[in-house]
Amino acid sequence: MITVLAVAVAFGSVSAASAASKLSGKIVINGSSALLPLTLQAANEFKKLNPKVKISASAAGSVTGPQSVRKGIADIGACDWDASMDVPGFKAFEGQVANKVAVIPFAAVVNKGVKATNLTTKQLQGIFSGKITNWKEVGGDDAEIVVVNRAFGSGTRVNFQMKALDGVNFMSKGDNYKEVKSSGDMKTAIETTPNSIGYIDLVYVTDKMRALNINSYAPTEANIINGKYDVWAYGYYMTKGKPTGAVKAFIEYVQSKEFQNGSLKKLKFIPISAMKK
């Protein structure tokens, strides 16, 4: 009885739960590494409710999500921007539908040994463009700054450049410049590289790094909802046309109040219903 009730809560009614349990098929998801922890958690929960559905998820950067959907090798393309529309650097993926699933808070992060705790937009622009090269120029120790950047095609990179740097271009080479392919690689680089700075979504922040305040505001849910902290984005599941079958059911599960206010929040994402825009 407890199991029946649990499934009924997740899908709204006992009859809906019974129908959902009969779902079968395979769902392939590719794309955003920022959204990967959310996707994996949702997949684990969904498969318990729908044991006949197989889900595989991988992450090679946001642009690979809609690319994989276009090529027919993925059913869902996880992406940190609405890939059905043009964004700086990327044309729209025609025929794809953007299914909004989460609010992703991004943060500028530094290695734990860096003393800086707050940077302005102008200081961030200077650091990531290579014009500011020593921590002492922004109130830290006399040490060269190591800039860690995401590779082109990263949705985190697109959003950080647009919202934290106001569109200013990144540096692209130098002795103190590193480029990584995924959010997991960024986490490892910041944790292990002295004097480093990068950017990542909050789910990846650990006690071996520090999330910086930007313009005196911390990357918290309250500051994002109140419009004080602007470095965030909606996360999307891109599909070829409107989703159907098991794909539709999975996306609806991720969008459900139970998941949005439960596991999604525990992973430091913000429910889409919390935002006014």
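Here is a short report on the structure shown in this document. Worth saying up front: this structure is predicted, and the values here are computed from it rather than measured. (Residues numbered from 1 in each chain as written. Predicted model: local features only at pLDDT ≥ 70, side-chain atom pairs only at ≥ 80, totals over all residues. Heavy atoms only, no water.)

A look at the overall build of the protein
Scanning the protein from terminus to terminus reveals eleven helices and eleven strands. Taken over C-alpha atoms, the radius of gyration comes to 20 Å for the protein, in line with the 19 Å a tight globule of 277 residues would show. Seen along its three principal axes, the alpha-carbon backbone of the protein occupies a region of about 65 × 40 × 35 Å. In the protein, which comprises 277 residues, the proportion classed as buried is 52%. (Helix = DSSP H or I, 4+ residues; strand = E, 2+ residues; numbered from the N terminus. Rg over C-alpha atoms; globule rule 2.2 N^0.38 Å. Buried < 20%, exposed > 50% of the residue type's maximum accessible area, 1.4 Å probe, protein only.)

Regarding the environment of D201
Within the secondary structure, D201 sits in strand β8 (residues 196-201). Among residues more than four places away in sequence, those in contact with D201 are A34, I104, P105, F106, S183 and F269. (Contact = heavy atoms within 4.5 Å.)

Thoughts on the pairing of strand β2 (residues 53-57)
Relative to β2, strand β1 (residues 25-31) runs parallel, the two being bridged by five bridges. Among the inter-strand pairings, V28 is bridged to a residue of β2, identified as S56. Once the chain exits β1 it traverses helix α3 (residues 36-49) before rejoining the sheet at β2, and the crossover so formed is right-handed. (Pairing = 2+ DSSP bridges. Right-handed = clockwise from strand over helix to strand, strands pointing away.)

Observations concerning the pattern of salt bridges
Applying the stated criterion to the full structure yields five salt bridges. Ionic pairing is found between E179 and R157, a salt bridge with its closest N-O pair at 4.0 Å. Placement of E179 in strand β7 (residues 177-180) and of R157 in helix α6 (residues 155-163) is noted, with a sequence separation of 22 residues between them. The exposure class of E179 is partly exposed, given its relative accessible area of 45%. (Salt bridge = Lys/Arg side-chain N within 4 Å of Asp/Glu carboxyl O.)

Digging into α6
The element α6 is largely enclosed, with a buried count of seven among its nine residues. All buried positions along α6 are accounted for by G155, T156, R157, V158, N159, F160 and Q161. Two or three places before T156, at the opening of α6, S154 has a side-chain oxygen 3.2 Å from that residue's backbone nitrogen. (Polar contact = N/O pair within 3.5 Å; in protein donor to acceptor, adjacent residues only side chain to side chain.)

As for the nonpolar core
Counting residues in hydrophobic clusters, the biggest one holds 84 residues, and the most contacted among them are F128, W135, I197 and F250. By residue number, the principal contributor to this core is strand β4 (residues 96-111), which donates nine residues. Excluding residues that lie within four positions of it along the chain, F128 makes contacts with V147, V148, F160, L165, N169, F170, M171, I197, G198 and Y199. (Core = buried A, V, L, I, M, F, W, Y, C linked by side-chain atoms within 4.5 Å.)

Remarks on the packing of α3 against helix α9 (residues 245-255)
The interhelical angle for the contact between α3 and α9, taken along N-to-C directions, is 115°, at an axis separation of 10 Å. Here α3 and α9 pass one another in a crossing that is right-handed. Taking contact as the criterion, the partners of L38, T39, A42, A43, E45, F46 and L49 in α3 are, on α9, A246, A249, F250, Y253 and V254. Grouping the amino acids of the contact of α3 with α9 by side-chain chemistry returns ten nonpolar, one polar and one charged. (Axes fitted to C-alpha atoms, helices over the stretch in contact; angles between N-to-C directions. Left-handed = near helix turned anticlockwise from the far one by under 90°. Nonpolar A, V, L, I, M, F, W, Y, C, P; charged D, E, K, R; others polar.)

Re the packing of aromatic side chains
Scanning all chains against the criterion turns up 13 aromatic pairs. Grouped by ring-pair contacts, the aromatic residues F46, Y237, F250, Y253 and F259 constitute a single cluster. A cation sits over an aromatic face here: K100 above Y234, 3.9 Å from the ring centre. (Phe/Tyr/Trp six-rings, centres within 6.5 Å; stacked < 30°, edge-to-face > 60°. Lys NZ or Arg CZ within 6 Å of the ring centre and 35° of its normal.)

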